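Coordinate analysis (summary)
Here are the chains, one letter per residue:
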Amino acid sequence: MSAPFTDTLRTDTSALYTDLYQLTMLQAYFREEMTEEAVFDLFVRRLDGRNFLLACGLEQALEYLETLSFSDRGLSYLRKQGTFADDFLEWLGDFSFTGDVYAVSEGTPVFPDEPILEVVAPIGQAQLAETFLLNQMTFQTGIASKAARVRHAADADGTDRLVADFGMRRLHGTDAAMKGARAMYIAGIDATSNVAAGEAYGIPVTGTMAHSYVEAHDRERDAFRAFADTYPETILLVDTYNTLDGVRKVIDLAVERGEAFRVRGIRLDSGDLAALAGDARRLLDEAGLEDVMIFASSGLDETKITDLLDRGAPIDGFGVGTKMGTSADRPYLDSAYKLCGYAGRPRMKLSAEKSNLPGRKQVFRQYDGQTAVRDVIATSDETLDGTPLLDRVMAGGERTDAGASRPLDALREHAAARVAELPDRLAALGEAEPFEVVRSEAMEQRLASTREHLQQEMTADPAR
């Protein structure tokens, strides 16, 4: 029997994680015998309130592609819809993904129009994958990007502070809570309250206590004693009734227990956190409890954390929940998965504000010393100065060495190193001067020739 929180796709239904029109198009491709190789790019059109994005979600994308198939259960459901012909359903019975995938490593900063992932496969296979790939990579990239901002805010003055994910209870379902915890850890968040995510991904789990525990005891002092008896190195929640009175009770407990006192910290969860943290720190220090940390929560995000630290709040760690886990200020990304090549020819949309770059691509990150200064979106057959960001992570439907599962700690280290290479201005919470992203000469030529060819065809055949 498998473990309850393995985060593994159910093979009996995984192919149904798609929009209906992907399946109706797949049947149309099948009927028209359109089986030639297609190229699809997954990218984000614009940043909208972010100075960079942190790519995330590749592991789930590759897991999906390498196991993609239609079970008897899935085929039975599709047959009942009355939309799909028997010969098509029979063909689906042997369906698998046999294509190649190119992608940036998880934890890599990315910018508008740059492929985060590129699928090269028979058109039906590449088409079917769209919905799931967008679902997983858009969400995790958005959450990782938000978490990177929170991480930077907590450390902006050079002090390494604990930041924990407390968001599970208000995230949009358990899948979001799981994948969100994963993305946040890659982005630099230290721990999660989500026990299932800890079991599935090896993320450190953390937690304190709830007000209900204190309220369930007749006296706050008794609650602190009992909890510290069971968990000697706990963090005690002190704001259930009166915050500073709660701090004084922790001090009384320290006096009472002497050298046996091992409580690690106190938690503030309401009120003017900066003022209360200052008063609490003064009381603790006067009592000789300089090593007792102050942990704060309550509606925090990168902006509130920055404000607290700018006010000099002596806070040692933060529990950040809803606003990070839902990326409340920017709850979605303008992501897209677009056809950019078929049957050996570049393809593109000409739609206003939704056009895309044609053909296969590579992105080269260029440096001035140790600082990244420019990205060049190039054609896939170019070799330019800089570091190429896209690796082939899947070949013929199987993972390559570059696509092998990597420990989250390795992805976390990669993210920290790559973010540290960015210009300092991109760490600002407000809008900064954009990072330079340009197209190579060959990409510009391909774009112009593809656009010109399409416009000529439309002129020659207005009914096109």
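Structure first, text after, so check above.
Given the structure is predicted, the values throughout are model-derived calculations rather than measurements.

Position of Gln 362 relative to the elements: it lies in strand β14 (residues 361-368). Accessibility expressed as a relative area gives 12% for Gln 362, which makes it buried. From its side chain, Gln 362 meets the backbone nitrogen of Leu 389 in a polar contact 3.3 Å long. Every residue in contact with Gln 362, bar those within four places of it in the chain, is listed here: Val 376, Ile 377, Ala 378, Thr 379, Ser 380, Pro 388, Leu 389 and Leu 390.

A separate point is the sheet that holds strand β5 (residues 117-122). The antiparallel open sheet is built from 7 strands, whose spatial order is β13-β12-β1-β5-β3-β17-β18. Strands at the two margins of the open sheet, each flanked by one partner only, are β13 (345-346) and β18 (398-399). One ladder, built from 6 bridges, connects strand β1 (residues 37-44) with β5; its direction is antiparallel. In the strand pairing of β5, Asp 41 is matched with Glu 118. In this fold helix α2 (residues 58-67) packs onto β3 (100-103), β5, β17 (391-395) and β18, with an angle of close to 25° to the strand it touches most, β17.

This next bit is on the side chain of Gln 22. Within the element layout of this structure, Gln 22 appears in helix α1 (residues 20-32). On the accessibility criterion, Gln 22 (0% relative accessible area) is buried. Residue contacts for Gln 22: discarding those within four places in its chain leaves Gln 127, Leu 128, Glu 130 and Thr 131.

This part is about the sheet that holds strand β16 (residues 387-388). Pairing is mixed across the open sheet formed by 4 strands, whose spatial order is β16-β14-β15-β19. Pairing within the sheet leaves two strands with one partner each, and these edge strands are β16 and β19 (436-439). Relative to strand β15 (residues 371-379), β14 runs antiparallel, the two being bridged by 8 bridges. Residue Lys 361 lies in a different strand from β15, and its bridge partner there is Thr 379. Set on the sheet, helix α16 (residues 441-460) makes contact with β14, β15 and β19; between it and β15 the angle comes to about 40°.

What follows covers the environment of Leu 62. With respect to the helices, strands and loops of the structure, Leu 62 is situated in helix α2. Along the sequence, Leu 62 and Met 394 sit 332 residues apart, while their C-alpha atoms lie 7.7 Å from each other. Excluding anything up to four places from it in sequence, Leu 62 contacts Val 101, Val 393, Met 394, Arg 399 and Gly 403.

On to the nonpolar core. One finds Ile 266, Ile 305 and Phe 318 to be the most contacted residues of the largest nonpolar core, which totals 70 residues. Non-local contacts of Ile 305, meaning those with residues more than four positions away in its chain, are made with Val 150, Ala 153, Ala 154, Leu 300, Phe 318 and Val 320. Counting 57 residues, the second-largest nonpolar core is a separate cluster that includes Ala 61, Val 119, Val 363 and Val 393.

Turning our attention to the packing of helix α10 (residues 220-230) against helix α11 (residues 243-257). For the pair α10 and α11, interaxial distance at closest approach is 10 Å and the crossing angle is 55°. When the axis of α10 is compared with that of α11, the two are oblique. The hand of the α10/α11 crossing is right-handed. Where α10 approaches α11, its residues Glu 220, Arg 221, Phe 224, Arg 225, Ala 228 and Asp 229 are matched on the opposing element by Gly 246, Lys 249, Val 250, Asp 252, Leu 253, Glu 256 and Arg 257. Grouping the amino acids of the contact of α10 with α11 by side-chain chemistry returns 4 nonpolar, 1 polar and 8 charged.

Here helix α12 (residues 273-286) is 14 residues long and its end C-alpha atoms lie 20 Å apart, about the 20 Å a rise of 1.5 Å per residue gives. Turning to α12, its buried residues are Leu 273, Ala 274, Leu 276, Ala 277, Ala 280, Arg 281, Leu 283 and Leu 284. Remark: Gly 288 follows α12 within two positions and exhibits a positive phi of approximately 80°.

Attention now goes to the pairing of strand β12 (residues 335-342). Taking burial as the measure, the 8 residues of β12 include 6 buried ones, the bulk of the element. What sits between β12 and β13 in their antiparallel hairpin is a turn of 2 residues, with Ala 343 showing a positive phi close to 55°.

Moving on: the packing of aromatic side chains. What the rule picks out here adds up to 13 aromatic pairs. Pairwise contacts between aromatic rings join Phe 30, Phe 70, Phe 84, Phe 88, Trp 91 and Phe 95 into one cluster. Sitting above the plane of the Tyr 102 ring, Arg 360 keeps its charged end 4.2 Å from the centroid. Over the face of the ring belonging to Tyr 185 we find Arg 412, whose NZ or CZ atom lies 4.4 Å from the ring centre.

Among all positions of α10, only Glu 220, Ala 223, Phe 224, Phe 227 and Ala 228 are buried. One side of α10 holds all its buried residues, which, seen down the axis, span an arc of 120°. With respect to the buried face of α10, the exposed residues turned more than 90 degrees away are Asp 229 and Thr 230. Looking at the buried residues of α10, the elements they touch are α9 (211-215), β8 (235-237) and α11.

Time to look at the pattern of salt bridges. Using the criterion set out here, one finds 36 salt bridges in the structure. Note that Asp 41 is salt-bridged to Lys 361, the shortest N-O span being 2.4 Å. Linking Asp 41 in strand β1 with Lys 361 in strand β14, this pair joins segments that are 320 residues apart in sequence. Given a relative accessible area of 4%, Asp 41 falls into the buried group.

Attention now moves to the layout of surface pockets. Of the pockets and cavities examined, the second largest pocket occupies roughly 580 Å³. In this structure, the second largest pocket is lined by 24 residues; those nearest its centre are Phe 166, Arg 169, Arg 267, Asp 269 and Ser 297. Taken together, the elements giving at least two residues each to the lining of the second largest pocket come down to β11 (317-320) and α14 (322-325). Taken together, the residues of the lining of the second largest pocket sort by class into 7 nonpolar, 12 polar and 5 charged.

Here is what the cut-offs are and how they apply
- Residues numbered from 1 in each chain as written.
- Predicted model: local features only at pLDDT ≥ 70, side-chain atom pairs only at ≥ 80, totals over all residues.
- Heavy atoms only, no water.
- Helix = DSSP H or I, 4+ residues; strand = E, 2+ residues; numbered from the N terminus.
- Buried < 20%, exposed > 50% of the residue type's maximum accessible area, 1.4 Å probe, protein only.
- Polar contact = N/O pair within 3.5 Å; in protein donor to acceptor, adjacent residues only side chain to side chain.
- Contact = heavy atoms within 4.5 Å.
- Pairing = 2+ DSSP bridges.
- Axes fitted to C-alpha atoms, helices over the stretch in contact; angles between N-to-C directions.
- Core = buried A, V, L, I, M, F, W, Y, C linked by side-chain atoms within 4.5 Å.
- Parallel < 35°, antiparallel > 145°, perpendicular 65-115°, else oblique.
- Left-handed = near helix turned anticlockwise from the far one by under 90°.
- Nonpolar A, V, L, I, M, F, W, Y, C, P; charged D, E, K, R; others polar.
- Expected span 1.5 Å × (residues − 1).
- Phe/Tyr/Trp six-rings, centres within 6.5 Å; stacked < 30°, edge-to-face > 60°.
- Lys NZ or Arg CZ within 6 Å of the ring centre and 35° of its normal.
- Arc of directions from axis to C-beta.
- Salt bridge = Lys/Arg side-chain N within 4 Å of Asp/Glu carboxyl O.
- 1 Å grid on protein atoms, 1.4 Å probe; cavity = no way out; pocket = protein on both sides within 12 Å on 5 of 7 lines; lining within 4 Å.
- Points joined across faces, edges and corners; volume = space filled by probe spheres on them.

Remember, this is a structural readout, not a statement about activity or role.
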